[in-house]
Amino acid sequence: MSTYYQPRKYPPSSVSSMPVTAQPIPVLVVGAGPVGMAAALGLAQRGIPVTLIEAADQVSFGSRAICVSRHSLEVAQRLGFGEALERIVLPWVGGRSFYRDREVLRFQMPHRHYDVRPPMVNVSQSEFEQLMVDAIEQNPLITLHWQTSFAGFNQDSDAVMVHLDTVFGPRELRTQWMIAADGGRSKTRELANLKLHGTSYTGRYVIADIHWKSGLPAERMVWFDAPSNPGSTIIMHQQPNDIWRIDYQLDPSEDADTETQEERIRERIARHLAWLGNDAPWTLEWHGFYGARALALDNFVHGRVIFAGDAAHLVPIFGVRGLNSGMEDAETLAWQLASVVNGTAEPSLLAAYSAERRAAWEQNIDNAGKSTLIMSPGSPGYRATRDAVLELATARPEFAHLINPRQSSATHARLSPLTWPVQAGTVGVLPGDPLEDRRIGRTSLNELRGNGFTLLGIGIDDVAAASLASFATVLAQQLKPEPVTAVAVGTEDQGLSEALGARPGEVFVIRPDGLVLARVSSMAQLSRISEHLRVGTAPTGGHVLMHTTSVLATEERLRENVWAGLSDALDQVYDRESFLTRLAMLLGSQTGQREFQEALAIAAEPNPVGVDAGELVDAEREVGSEA
């Protein structure tokens, strides 16, 4: 019997129109997807009434985004549905990639003894959204209108008049602020005549959910040029309740309409499962289709209309950044917009939201774009180098890092207009960086700091701790109703101090969305926080470090540069054979004869003897039985 999740249906909402002269509601959110609902929950948490409209009669159906990052689990906890979410998810920590039948990569995401949550979990977007609806239904400040479509808007300096289509006829609502979270095909964006800019990749993928009882482990598995479907890339992910997500790439010559017919989907999946040695029954539960795009608006704030999630930016799915970056959007927007609505900040604060989240998109596509060029190389040059990397990685594992999917991690806001500069030579967690939850004794950092601002004092005595608490009380009055918590950590917790790179007596100011706003060595500096937040600025002077330290070793960074540079060069030259011969002679003349001979031998015959499918599946089942 299938365990596939079937979302419940909701009746159409009866919405009353508001006259033009009516006092506007504080916030209206278009789209009850994860981003729209997260923004609504975050605003309501801060005392802001929110009206949420959704054209459908249920949450989304199908797995869609299934991989939820550790950071998104923290966001869910702060928004009030984290515990319910963590009860239904399937954790995983790594994965494997294969070139045909050979393993070329095995990766593990960081999962340390002090981490409160796993690095990644799988759950269908449908179930994720339903938990959010359940939380919204318990919140008296949020009104969710089902079967209510967005039809248009007009805005002036004071409010936005929103035009709706409902089962009961057209309606109009007047709101101070409108959040457009209506997805990649955003009607709000279309009616505002706004365009996304960036890159659309050529790769096309069919996605399918199947119910299948398997002994395979919960990990990300990828086959390049899969023996079951030669020329195609296949991705497999396990979900809770014996549901498996299978994504496979279509060849450019294949017709998408034909290949997305259920009969063809079943045929291709059956071939892959048969190659894996499957003899268990399975059923096709849901299927979809997507292409990889890296696009964004130039600005996410347009007057009183604010864009978030896929309505503001699109990222390729490789590395699972769509839902996770959208949750970051929502949490950042919630506290900043609440500050404006509550009168503790000027609308200029929202410029920080736009700048931060667009910069976060750039960080995401920097990694996702590289993953996409491996998963779906869109030019002959990148196809040639991708295949060469796969061939080499079978014998030379140092090339495997180029295949790494670069899984989603929280983005930083070091260049935000809100982020405070630091002293020269400051190391560790810097202003703008995300501060992950971690175990501290029997509790955790997030439990200690709560959902608002935090003043985290490191290595301070009782007198300094009392002073820190006084500053927190004053700041809470200035930022009301945003809570401010003082957390004093003595010298006994060396682990936290070392992880932060903190100096004794230093105070870390943490934003509600978990990013570090400032590091100060004098508590007197804390008195300036509210004045800067009010207008969306930071103090001048000091140092702002633009980029995080590269996680790549020098050799890995060199190989990545060679891969990208060679790919681009191959796409520009006419005679590849002559070009590669000249390149080999130039590079060979710069190395020793022995090293060059070894390189020639490896390039001529990079592959060891392959492993047959039966041995591969037996090994996988053995791993699965131990997991």
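You'll find the structure just up there.
Residues numbered from 1 in each chain as written. Predicted model: local features only at pLDDT ≥ 70, side-chain atom pairs only at ≥ 80, totals over all residues. Heavy atoms only, no water.

Caption draft 1: Structural view of the overall build of the protein. Scanning the protein from N- to C-terminus turns up 18 helices and 25 strands. Its C-alpha atoms give the protein a radius of gyration of 26 Å, within 12% of the compact-globule value 25 Å for 627 residues. Projected onto the principal axes, the alpha-carbon positions of the protein cover approximately 70 × 60 × 50 Å. Evaluated residue by residue, the protein yields a buried proportion of 54% over its 627 residues. Considering only contacts within the protein whose residues lie at least 6 apart along the sequence, 75% involve residues at least 24 apart. Per element, the accessible surface of the protein, about 26,800 Å² overall, is 52% carbon and sulfur. Side-chain charges in the protein split into 54 positive and 74 negative, and the spacing between the mean points of these groups amounts to 3 Å. (Helix = DSSP H or I, 4+ residues; strand = E, 2+ residues; numbered from the N terminus. Rg over C-alpha atoms; globule rule 2.2 N^0.38 Å. Buried < 20%, exposed > 50% of the residue type's maximum accessible area, 1.4 Å probe, protein only. Contact = heavy atoms within 4.5 Å. Areas by Shrake-Rupley, 256 points an atom, 1.4 Å probe, with all protein chains shown as cover. Lys, Arg positive; Asp, Glu negative; His and termini not counted. Charge placed at Lys NZ, Arg CZ, Asp CG, Glu CD.)

Caption draft 2: Fine view of the environment of Glu127. Looking at the secondary structure, you find Glu127 in helix 4 (residues 125-137). A residue is classified by how much of its surface remains accessible, and Glu127, at 17% relative accessible area, is buried. For the pair Glu127 and Ser60, spaced 67 residues apart in the sequence, the C-alpha separation amounts to 8.8 Å. Sequence-distant contacts of Glu127, that is, excluding residues within four places in its chain, are made with Tyr5 and Ile88.

Caption draft 3: Spatial organisation of the nonpolar core. Counting residues in hydrophobic clusters, the biggest one holds 100 residues, and the most contacted among them are Phe81, Ile179 and Leu455. It is helix 8 (residues 322-341) that provides the largest number of residues to this core, a total of nine residues. What Phe81 contacts, discounting residues up to four positions off in sequence, is Leu41, Ala76, Phe128, Leu131, Met132, Ala135 and Met327. Met120, Ala400, Leu402 and Ile403 belong to the second-largest nonpolar core, a separate cluster that totals 31 residues. (Core = buried A, V, L, I, M, F, W, Y, C linked by side-chain atoms within 4.5 Å.)

Caption draft 4: Quick look at helix 10 (residues 380-393). Taking 1.5 Å as the rise per residue, helix 10 with 14 residues should run 20 Å; its terminal C-alpha atoms sit 20 Å apart, in good agreement. Along its buried surface, helix 10 packs onto strand 5 (94-99), strand 6 (102-108), strand 13 (220-224), helix 9 (350-375), helix 15 (554-572) and helix 16 (576-588). (Expected span 1.5 Å × (residues − 1).)

Caption draft 5: Broad picture of the sheet that holds strand 23 (residues 484-489). Read from one edge of the open sheet, four strands run 23-22-24-25, paired in mixed fashion. Since the sheet does not close on itself, it has two edges, and those belong to strand 23 and strand 25 (516-520), each with one partner. Neighbour-to-neighbour, the strand axes of this sheet turn through a mean angle of 15 degrees, independent of strand direction. Of the strand pairs in this sheet, strand 22 (residues 453-458) and strand 23 are connected by six bridges, and their pairing is parallel. Residue Ile458 lies in a different strand from strand 23, and its bridge partner there is Val489. (Pairing = 2+ DSSP bridges. Axes fitted to C-alpha atoms, helices over the stretch in contact; angles between N-to-C directions.)

Caption draft 6: Inspection of empty space enclosed by the protein at higher detail. A full pass over the atoms with the stated rule returns seven cavities of 30 Å³ or more. By volume, the largest cavity amounts to about 100 Å³. If you go around the largest cavity, you meet 13 residues; those closest to its centre are Glu328, Thr332, Arg357, Thr411 and Leu515. Elements represented by at least two residues in the lining of the largest cavity include exactly helix 8 and helix 9. Top element by residues in the lining of the largest cavity is helix 8. It accounts for three residues. Across the lining of the largest cavity, the residue classes break down as four nonpolar, four polar and five charged. (1 Å grid on protein atoms, 1.4 Å probe; cavity = no way out; pocket = protein on both sides within 12 Å on 5 of 7 lines; lining within 4 Å. Points joined across faces, edges and corners; volume = space filled by probe spheres on them. Nonpolar A, V, L, I, M, F, W, Y, C, P; charged D, E, K, R; others polar.)

Caption draft 7: Representation of helix 15. With 19 residues, helix 15 should reach 27 Å at 1.5 Å per residue; the first-to-last C-alpha distance of 27 Å fits that figure. Within helix 15, the full set of buried residues consists of Arg559, Glu560, Trp563, Ser567, Ala569 and Leu570.

Caption draft 8: Structural detail: the pattern of salt bridges. Using the criterion set out here, one finds 36 salt bridges in the structure. Among the ionic pairs, Asp366 bridges to Lys370, the shortest N-O distance being 3.8 Å. One end of the pair is Asp366 and the other is Lys370, both in helix 9 and four residues apart, which spans about a single turn. Accessibility expressed as a relative area gives 43% for Asp366, which makes it partly exposed. Ionic pairing is found between Arg396 and Glu398, a salt bridge with its closest N-O pair at 2.6 Å. Given the relative accessible area of 31%, Arg396 is considered partly exposed. Look at Glu398 and you get partly exposed, because its relative accessible area is 27%. Taken together, the shared-partner salt bridges in this structure form one network comprising Glu254, Glu259, Arg264, Glu267, Arg268 and Arg271. (Salt bridge = Lys/Arg side-chain N within 4 Å of Asp/Glu carboxyl O.)

Everything listed is a geometric property; what it means functionally is a separate question.
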